[in-house]
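Take a look at the letters that make up each chain.
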Amino acid sequence: MCHQTVGLIAAEIERRGVPTTSLSVCREITAAVKTPRALLVPYPFGYPLGRPGDRELQTSLLRSALALLYEAGPPPVLGATSEGVKAL
Amino acid sequence: MPAGKSQKERETPKSSVERRNFQQLMSRNSRCWAQALRVAAIDDLPLRHRLFLKAYRFRTLTPVPFAPPRRPLPESRVALVTTGAVSLPEQPPFDEKVRGGDSSYREIPAGADLRTLAIHHRSDAFDPTGFEEDRNLGFPLDRLHEMEARGEIGAVNRRHFSVMGSITATGRLVKDTAPAIASAFEADRVDAVLLVPL
């Protein structure tokens, strides 16, 4: 449900002219809601930034998510990353 | 729970359509489609949640609102929204007993010490231990401050917002909470918002 909540709040912010990006561990819900921008990450529910205490991994995921702001539409703009998969 | 364990994917016709759309998007957008297949899936969830989600009609954004970027990232004021239901010690807790989900929100200042934040999101839909160990896992405020210090983003906004993710009745979320959060960011002249689901 949290992925739908993210999409609905993002939509209202986008309507005010402020671009949004997000993370998603569940492509099914993110695709169903059509969240404007989302980085799909290969982690379990509850681990959108990969691993607790892993500053490097978390930072690189944030960079990838923020980079989606500059991807041309049309929305939804989805990105994917395999970062950190082996380490988990 | 290891990522992407679900092999048997029985889905309704509607979600097959969604899947096709998604694959079209992915083939256009993604460098690593194969890896993306390993993201968590509804089938990873406990049975109670799976049954609920199969029957649940998600709200689909049509058309999808889409604002262009305002300025380069190193000049952008960035704000966070988490659905991890965190709150400051002095704020009231989220109420998990509200039917359809507690759609209230909490404002978290940029200077908050993440270790002091309370977490009210208790759900068997996900393993909370990682988030309890490191709040950055779902509310990456420390990482954002570091990016500001390195000049990767222009500024961390003065405030951020926390909601509880498990909202099934979305009326009040759409009517009150989302507009309140959006108005606050508008007033702060935020350039970009990152939302993290938990």
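For the structure itself, consult the block above.
This section reports on the structure supplied with the text. Remember, it's a predicted structure, so these values are computed and weren't measured experimentally. (Residues numbered from 1 in each chain as written. Chains lettered and ligands numbered in written order. Predicted model: local features only at pLDDT ≥ 70, side-chain atom pairs only at ≥ 80, totals over all residues. Heavy atoms only, no water.)

Section: unusual backbone geometry
Geometrically, the link from Gly73 of chain A to Pro74 of chain A is a cis peptide bond, its omega value of 5 degrees lying close to zero. Along the chain, Pro74 of chain A turns up in the loop between helix H3 (55–67) and strand E3 (77–80). Put simply, Thr62 of chain B and Pro63 of chain B share a cis peptide bond, and its omega is -10 degrees. In this structure, Pro63 of chain B sits in the loop between helix H3 (47–55) and strand E1 (77–82). Unusually for a residue other than glycine, Lys34 of chain A sits at a positive phi of about 65 degrees. Note on placement: Lys34 of chain A falls in the loop between helix H2 (27–33) and strand E2 (37–40). Residues other than glycine seldom take positive phi values, yet Arg189 of chain B does so here, at roughly 55 degrees. Mapping Arg189 of chain B onto the fold places it in the loop between helix H6 (171–187) and strand E7 (192–196). (Helix = DSSP H or I, 4+ residues; strand = E, 2+ residues; numbered from the N terminus.)

Some details on the pairing of strand E1 (residues 20–24) of chain A
With 5 of 5 residues buried, E1 of chain A lies mostly within the body of the structure. Alternating residues of E1 of chain A divide into Thr20, Ser22 and Ser24 of chain A and Thr21 and Leu23 of chain A, and every residue in both groups is buried. Bridging between E1 of chain A and E7 of chain B involves 3 bridges; their strand directions are parallel. Each residue of the ladder has a partner; that of Thr21 of chain A, found in E7 of chain B, is Leu194 of chain B. Note: E1 of chain A against E2 of chain A, 2 bridges, orientation parallel. Bridge assignment links Ser24 of chain A to a residue of E2 of chain A, and that residue is Leu40 of chain A. In the classification by handedness, the crossover that spans E1 of chain A, the intervening H2 of chain A and the parallel E2 of chain A is right-handed. (Buried < 20%, exposed > 50% of the residue type's maximum accessible area, 1.4 Å probe, protein only. Pairing = 2+ DSSP bridges. Right-handed = clockwise from strand over helix to strand, strands pointing away.)

Here we look at the pattern of salt bridges
A full pass over the atoms with the stated rule returns 17 salt bridges over all chains. Put simply, Glu186 of chain B and Arg16 of chain A hold a salt bridge, and the shortest N to O gap is 2.9 Å. Residue Glu186 of chain B is located in helix H6, and its partner Arg16 of chain A is located in the loop between helix H1 (2–15) and E1; the two belong to separate chains. The class of Glu186 of chain B is partly exposed, set by a relative accessible area of 37%. A salt bridge links Glu107 of chain B to Arg159 of chain B, with the nearest nitrogen and oxygen atoms 3.4 Å apart. Of this pair, Glu107 of chain B sits in strand E3 (residues 105–109) while Arg159 of chain B sits in strand E6 (residues 159–163), placing them 52 residues apart in sequence. Connected through salt bridges with shared partners, the residues Glu12, Arg15 and Arg16 of chain A together with Glu186 of chain B form a single ionic network. (Salt bridge = Lys/Arg side-chain N within 4 Å of Asp/Glu carboxyl O.)

Overview of H1 of chain A
Residue and element names in this part refer to chain A. The first and last C-alpha atoms of H1 sit 20 Å apart over 14 residues, in line with the 20 Å expected at 1.5 Å per residue. Counting buried positions over the 14 residues of H1 gives 13, a clear majority of the element. Immediately beyond the C-terminal end of H1, within one or two residues, lies Gly17, with a positive phi of roughly 90 degrees. (Expected span 1.5 Å × (residues − 1).)

Considering the side chain of Asp134 of chain B
One can find Asp134 of chain B in the loop between helix H4 (129–133) and helix H5 (141–149). Despite its burial, Asp134 of chain B pairs with no opposite charge; the closest candidate is Arg143 of chain B, at 4.5 Å N-O. Among the polar contacts listed, one links the side chain of Asp134 of chain B to the backbone nitrogen of Gly53 of chain A, at a separation of 2.7 Å. Residues within four places of Asp134 of chain B in sequence aside, it is in contact with Pro52, Gly53 and Gln58 of chain A together with Arg143 of chain B. (Lys, Arg positive; Asp, Glu negative; His and termini not counted. Polar contact = N/O pair within 3.5 Å; in protein donor to acceptor, adjacent residues only side chain to side chain. Contact = heavy atoms within 4.5 Å.)

Some remarks on the interface of chain A and chain B
Taken together, the 70 residues of chain A in the interface contact 87 residues of chain B. Together chain A and chain B conceal approximately 6900 Å² of surface at their shared face, both sides included; 68% is due to carbon and sulfur atoms. Run the count over chain A and chain B and you get 3 salt bridges. Counting across the chain A and chain B interface gives 26 residue pairs in polar contact (both at pLDDT 80 or more). At the level of elements, H1, E1, H2, E2, H3 and E3 of chain A are the ones that each hand at least two residues to the side of chain A that touches chain B. Ranked by residues supplied to the side of chain A that touches chain B, first place goes to H1 of chain A with 14 residues. Grouping the constituent residues of the side of chain A that touches chain B by class yields 40 nonpolar, 18 polar and 12 charged. (Buried area = accessible area lost by both parts, 1.4 Å probe. Nonpolar A, V, L, I, M, F, W, Y, C, P; charged D, E, K, R; others polar.)

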